Amino acid sequence: MAVPMSGNYTIGGASPDFVSINDAVDALVTNGVNGNTSFLIRAGNYNEQVIIPQISGTSNNSIISFSSETGDADDVIISHSATSSADNYIIRLDGANYFDFHYLTFRAEGTTNYGDILDLTNGTYNIRIRFNKFYSLGYNQVYSHIINAQLSGAQTIQNIEIQSNYFQDSYYGIYLYGVNATNYYNISVSNNLLYNQMNAIDLSYVPSVDIHNNRITDCNNAIKLSNSQSANIFKNNINAHASGIYIYYSSGANVYNNSIIVDGNVWSGDYGLAKGLTFDNSENSETYYNSIMIGESVENNKSYAFSLLGQDSHTVKNNIFANFGLGNSVYLNSVDSGDMWMDYNNLFSGRGILIKNGYYNSTFYYTLAQFQSGFGENANSVSVYPGFYSEDPLLSHSPWVDGKGTHIATISEDINGNPRDSSTPDIGCNEFTPTSSWEPMTGNYTIGANRADYTSITEAINDVVSRGKGEAPLTFNIENGIYNEQLDFLFIPRVESSSGYVTFQSASEDANNVIIQHEANDS
């Protein structure tokens, strides 16, 4: 006679209640549960493949959990070597509900490219996946999905919480694929670290999803959302090679307080093309307080920090869109000023063209003033060097974005949880108070090795481009010597009452005493 289970049980080790995870699941299938039921897995390696079906008796008051007995994920390793698509999983939730998995390590092994780990099927709901470590076979192994669900027709998966896990080495980190808006509901992905993924988070037909406080690093594509509604994507710290956040054929996405760096070192796709934040044929979006940087080494002139491609009703405010490489700060296609409300942003381009509008017969805007008069929008925006002093996440302390934003009633804090100024917030993902060392510059400074303010001319240029020029004249006196440097003079912001030049000169007033040289390798 079946006796419903509840309480704590042990798996593995000396004198356990169950020798293996499969033994514990068999007991659950036979007996069901009538209260919270915890399986404490003892330290060791468990080479198992497990299918968990729906268990009778589960509910909010009868949750089944599997966790490391020690509370240390490194102590319990669950592994499997798949050989084909038929056995490509370690744990399969086959209509299971009310399960927790935490403090466990899962490792896909073997020599094939089949490396799926946690497979969710139709009817699975109320699942919490927390504080685990997942290792698959590598970012170039196309059949490796760490958390995987692929639904069709009227199939459903609901109420999935993926929190505070570590993901490494897979083609897909989190892959949820559907075919209509009813396949998924209430999905949360938060506080995870995803490393070395071709595609870190890829969701299709997943409405009501929250993606927040994740750190995504050394991944080709960080977050892609397609055919979805009402997504909230915020406080993510992204360092990607090809694409930061890509939203495709979706509606109602709220994207705010994210830090995005894209370096263009693309693993697959359009090599060298770096895309920060993209809305592709999407509508009714709100984009606030993001800091986005395209790396200086990017050489593809189609790269961009921010893009709107078709559709309408986009609100874009208080963002830093900075492209230090080739390409654009902003790329627009099939949109006009009536399709968006875009203002209070910092639009910056280092080596490319500030704004491109249109794919064929493009219109180029080289300055913010040209864009304001020729396109409309951005009346209160600025175009200045963003002054990033940290890339993990991107943090600015430039006085030229301090207090230059507009109040957004629905957002009260920045990426780090610091309160936003309720009247004149800062542009970008962080709120800050400039220090005296970042005030606009005036007076005399020296460049050189002997008790100088700056050891190189480049260092001085970077400082004045970031801080800007104050009211009085500004002079850099360069000490005698040879300076092996290649100099890029970007736009230097000035206070309204600024007068006089920014001067770089020989301290000895003898041109022969200061030599600036560079050996070029190509055009």
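Keep in mind it's a predicted model, so treat the numbers as computed, not measured.

*Asks:* Quick question: what am I supposed to make of the overall build of the protein chain here?
*Replies:* Counting its secondary structure elements, the protein chain contains three helices and 41 strands. Reported as C-alpha extents along the three principal axes, the dimensions of the protein chain are approximately 100 × 55 × 45 Å. Counting only residues that meet the buried cut, the protein chain has 55% of its 523 residues in that class. The long-range fraction of contacts in the protein chain, counting pairs at least 24 apart against all pairs at least 6 apart in sequence, stands at 70%. By element, 43% of the accessible surface of the protein chain is carried by carbon and sulfur atoms, the whole surface being about 21,500 Å². Measuring between centres, the 20 positive side-chain charges of the protein chain sit 2 Å from its 52 negative side-chain charges.

*Asks:* What is the right way to look at the environment of valine 316 in this model?
*Replies:* In this structure, valine 316 sits in strand 28 (residues 314-317). Note on valine 316: relative accessible area 0%, which makes it buried. For the pair formed by valine 316 and serine 250, sequence separation is 66 residues and the distance between their alpha carbons is 16 Å. Beyond its immediate chain neighbours, meaning those up to four positions away, valine 316 contacts Thr287, Phe306, Phe321, Trp341, Met342, Asp343 and Asn345.

*Asks:* Help me understand the environment of phenylalanine 279, please; the structure alone is not making it clear to me.
*Replies:* By the secondary structure assignment, phenylalanine 279 is in strand 24 (residues 275-280). Take phenylalanine 279: its relative accessible area is 1%, and that puts it in the buried class. As for phenylalanine 279 and isoleucine 247, which are separated by 32 residues in sequence, their C-alpha atoms are 5.0 Å apart. The contact partners of phenylalanine 279, leaving out residues within four places of it in the chain, are Ile247, Ala253, Val255, Ser285, Thr287, Phe306, Ser307, Leu308, Leu309 and His314.

*Asks:* Even after reading the chapter, I still don't get the packing of aromatic side chains, so can you show me in this structure?
*Replies:* How two aromatic rings sit relative to each other is set out by the distance from centre to centre and by the angle between their planes. Using the criterion set out here, one finds 33 aromatic pairs in the structure. With 4.8 Å between their ring centres and 15 degrees between their planes, phenylalanine 39 and phenylalanine 66 make a pair best called stacked. Here the residue phenylalanine 39 occupies a position in strand 2 (residues 33-41), and phenylalanine 66 occupies one in strand 5 (residues 64-68), the gap between them amounting to 27 residues. Classification of phenylalanine 39 by relative accessible area gives buried; the value is 0%. Residues phenylalanine 348 and tyrosine 385 carry aromatic rings whose centres are separated by 5.7 Å and whose planes lie at 85 degrees to one another, so their mutual orientation is edge-to-face. On the criterion of sequence distance, the pair formed by phenylalanine 348 in strand 32 (residues 346-349) and tyrosine 385 in the loop between helix 2 (368-374) and strand 35 (388-391) is long-range, its members being 37 residues apart. Tyrosine 385 carries the same exposure label as phenylalanine 348, and that label is buried. Put simply, the rings of Tyr9, Phe18, Phe39, Phe66, Phe99 and Phe101 touch in pairs and so form one group of aromatic residues.

Cut-offs used in this document
Residues numbered from 1 in each chain as written. Predicted model: local features only at pLDDT ≥ 70, side-chain atom pairs only at ≥ 80, totals over all residues. Heavy atoms only, no water. Helix = DSSP H or I, 4+ residues; strand = E, 2+ residues; numbered from the N terminus. Buried < 20%, exposed > 50% of the residue type's maximum accessible area, 1.4 Å probe, protein only. Contact = heavy atoms within 4.5 Å. Areas by Shrake-Rupley, 256 points an atom, 1.4 Å probe, with all protein chains shown as cover. Lys, Arg positive; Asp, Glu negative; His and termini not counted. Charge placed at Lys NZ, Arg CZ, Asp CG, Glu CD. Phe/Tyr/Trp six-rings, centres within 6.5 Å; stacked < 30°, edge-to-face > 60°.

None of this, on its own, says anything about what the molecule does.
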